[in-house]
Amino acid sequence: IATVFQTAQQAYEWQVAEFNAPDYDKLVIYELLMRDFTEGKTYNDLIDTLDYLVNLGVNAIEFMPVNEFEGNNSWGYNPNYYFALDKYYGTKDSFKEFVDIAHSKGIAVIIDLVLNHAYNSCPLAMMYWDSENGRPAANNPWFNVQSPNPVFSWGNDFNHESQDTKDFIDRVNSYWIEEYKVDGYRFDFTKGFTNTPGDGGGYDNARIDILKRMSDKIREADDDAYIIFEHLAANSEEKVLAEYGIMLWGNMNHSYNEATMGWIPNSNFSGISYRSRGFSDPRLIGYMESHDEERLMYKNIEYGNSSGSYDIQDLNTALKRNEMAAAFFFTVPGPKMIWQFGELGYDYSINRCEDGSISENCRLSPKPIRWDYYD
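The shown structure was predicted, so the numbers you read here are calculated from the model rather than taken from an experiment.

Peer 1: Sorry if this is basic, but what is going on with the state of the cysteines here?
Peer 2: By definition, a disulfide is the covalent link that joins the sulfur atoms of two cysteine residues. With the rule as written, the count across this model stands at one disulfide. Residue cysteine 353 pairs covalently with cysteine 362 via a disulfide, S to S 2.1 Å. Residues cysteine 353 and cysteine 362 are joined through a disulfide that is right-handed, its torsion about the S-S bond being 90°. Of the two residues, cysteine 353 and cysteine 362, both sit in the buried class.

Peer 1: Any chance you could explain the pairing of strand S14 (residues 336-339) here in plain terms?
Peer 2: One face of the sheet, then the other: side chains in a regular strand alternate in exactly this way. A two-sided burial pattern is seen for S14, the buried positions comprising Lys336 and Ile338 on one face and Met337 and Trp339 on the other. Judged from the four bridges that link them, strand S1 (residues 28-32) and S14 form a sheet pairing that is parallel. Bridged to valine 28 within S14 is lysine 336. As defined by bridge partners, strand S11 (residues 284-287) adjoins S14 across two bridges and the pair is classed as parallel. Within S14, the position partnered with tyrosine 287 by the bridge is methionine 337.

Peer 1: Where do I start with the packing of helix H6 (residues 205-221) against helix H7 (residues 235-243) in this structure?
Peer 2: The relative placement of two packed helices comes down to the angle between their axes together with the axis-to-axis distance. Taken N-terminus to C-terminus, the directions of H6 and H7 make an angle of 25°; their axes are 11 Å apart at the nearest point. Put simply, H6 runs roughly parallel to H7. The crossing of H6 and H7 is right-handed. Touching Arg207, Ile208, Leu211 and Lys212 of H6 are Glu237, Val240 and Leu241, all from H7. Of the residues belonging to the contact of H6 with H7, the class tally is four nonpolar, no polar and three charged.

Peer 1: Would you explain the nonpolar core in this entry?
Peer 2: General note: in soluble globular proteins, nonpolar side chains tend to be found buried as a group. The biggest cluster of nonpolar side chains holds 79 residues, and the ones touching the most others in it are Phe63, Phe95 and Phe98. A per-element tally of this core places helix H5 (residues 163-180) first, with six residues. In this structure phenylalanine 95 touches Tyr43, Phe63, Leu85, Val109, Ile111, Trp176, Tyr180 and Val182, once residues within four positions along its chain are discounted. Among the nonpolar cores identified, the runner-up in size contains 14 residues, and Ile29, Ala108, Tyr226 and Ile285 belong to it.

Peer 1: Explain the packing of helix H9 (residues 296-303) against helix H10 (residues 315-327) here, please?
Peer 2: One way to put it is that H9 packs onto H10 with a least axis distance of 10 Å and a crossing angle of 135°. Here H9 lies oblique to H10, going by the angle between them. The handedness of the crossing between H9 and H10 is right-handed. Facing Leu296, Met297, Asn300 and Ile301 of H9, the residues of H10 in contact are Leu315, Ala318, Leu319, Arg321 and Asn322.

Peer 1: When you look at the pattern of salt bridges in this model, what are you seeing that I'm missing?
Peer 2: When their charged atoms lie close together, side chains carrying opposite charge are able to pair. Using the criterion set out here, one finds 14 salt bridges in the structure. A salt bridge links arginine 35 to aspartate 36; the shortest N-O distance between them is 2.9 Å. Like arginine 35, the residue aspartate 36 is buried in the burial classification. With a closest N to O distance of 2.9 Å, arginine 213 and aspartate 170 form a salt bridge. Of the two residues, arginine 213 is situated in helix H6 and aspartate 170 in helix H5; the sequence distance between them amounts to 43 residues. Connected through shared salt-bridge partners, Asp112, Arg186, Asp188 and Glu230 make up one network.

Peer 1: Whenever I open this one, the side chain of serine 74 confuses me. Can you help?
Peer 2: In this structure, serine 74 sits in the loop between strand S2 (60-63) and helix H3 (92-104). Side-chain polar atoms of serine 74 contact the backbone nitrogen of glycine 76, separated by 2.8 Å. Dropping the residues within four chain positions of it, serine 74 is found in contact with Leu33, Arg35, Phe69 and Tyr89.

Peer 1: I tried to follow H6 on my own but got confused; where do I start?
Peer 2: For the α-helix, the turn length of 3.6 residues means that residues three or four positions removed from each other point alike. Taking 1.5 Å as the rise per residue, H6 with 17 residues should run 24 Å; its terminal C-alpha atoms sit 25 Å apart, in good agreement. Inspection of H6 places Arg207, Ile208, Ile210, Leu211, Met214, Ser215, Ile218 and Arg219 among the buried residues, and these make up the whole buried set. At its buried positions, H6 is contacted by H5, strand S8 (184-187), strand S9 (226-229) and H7. For H6, the side-chain oxygen to backbone nitrogen distance between the N-cap and alanine 206 is 3.1 Å, and the N-cap itself is aspartate 204.

Peer 1: Looking at this structure, I do not really get the sheet that holds strand S3 (residues 108-113). What am I missing?
Peer 2: Strand pairing in a sheet relies on backbone hydrogen bonds. The paired strands run either parallel or antiparallel. The eight strands lie next to each other as S1-S2-S3-S8-S9-S10-S11-S14, forming a closed barrel whose pairing is parallel. Averaged over all pairs of adjacent strands, the angle between strand axes in this sheet comes to 25°, irrespective of strand direction. Bridge count for S3 against S8 is four bridges, and the pairing is parallel. The residue of S8 that forms the bridge with isoleucine 110 is glycine 184. Sheet strands touched by H6: S8 and S9. Its angle to S9, the strand with the most contacts, is close to 155°.

Cut-offs and rules
Residues numbered from 1 in each chain as written. Predicted model: local features only at pLDDT ≥ 70, side-chain atom pairs only at ≥ 80, totals over all residues. Heavy atoms only, no water. Disulfide = S-S within 2.5 Å. Buried < 20%, exposed > 50% of the residue type's maximum accessible area, 1.4 Å probe, protein only. Helix = DSSP H or I, 4+ residues; strand = E, 2+ residues; numbered from the N terminus. Pairing = 2+ DSSP bridges. Axes fitted to C-alpha atoms, helices over the stretch in contact; angles between N-to-C directions. Parallel < 35°, antiparallel > 145°, perpendicular 65-115°, else oblique. Left-handed = near helix turned anticlockwise from the far one by under 90°. Contact = heavy atoms within 4.5 Å. Nonpolar A, V, L, I, M, F, W, Y, C, P; charged D, E, K, R; others polar. Core = buried A, V, L, I, M, F, W, Y, C linked by side-chain atoms within 4.5 Å. Salt bridge = Lys/Arg side-chain N within 4 Å of Asp/Glu carboxyl O. Polar contact = N/O pair within 3.5 Å; in protein donor to acceptor, adjacent residues only side chain to side chain. Expected span 1.5 Å × (residues − 1).

Have a look at this one:
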């Protein structure tokens, strides 16, 4: 791993000095992984695709992690450097140019930040490391020695009760707003932002306090910043966070996919509405697909129901089922999110290997880029 320190860098000249981001309740978010979206895998390629997204009706792009992560071929959830763009997708000025041009077209830019954990090559881990046991040392200012949540644990677990961790996280969160003019964050696995033992599923006052404090500091940098949690914890806790102005991911993949496949008993997707959660404001970001979910079209074709000559496993019928689901998705009030190529009926499994076989070991493997589906 190499780092570069360069003095007297030329400042980027922003063309859009002030951007009025879309209202949170009107967001149509397009989540994408740079690696699997364009052949060139660069921000410059994505600039050329912005008009397509505008025409689609998208007004926000949510990047999977773009800060430096281990290796190149990755989803990005194995971070090590938090103030550097990953070298794989382009330079910092090319990212700034992308944000600038996206803003000129009315599109907000959201980045995915992983502040639940960091991997071993992160300097914060290496500087205070227990080499004998292969884990953070007991005197590490930022990390727990072991995660209090053994059910869901990756890399090294941040100790969110440590003042050093709070200070570090606040600097990260203010940096991307001030340096790159991003419009907000999607935070990965926020139910892990606690030292309360267990699987993170229960109501946790300590975690609520940690997340509220972090949100307050973000709003000091940008009062209108989008703050989005992948929380997926007790709804009673999510309701408290929603009332505090935070948006929550709302996973409706299973119910919508049961509907598109034609398996009616399991297809109640009323949970797409924020009102079903008891939220007073539309702060539920519902989605039928995300980077973590199986693709609707794949299951339509593999497992779709049939009745007489009506067969959901037929390609055209399967596509029509997804169109119908969209009508019962975008029309429900509140922010919405779609996963890249979902609008084109992307039909490759999330577990597809590069050789075409299917295995859970290949979940993170590169997937075919099928812009030809548009035609």
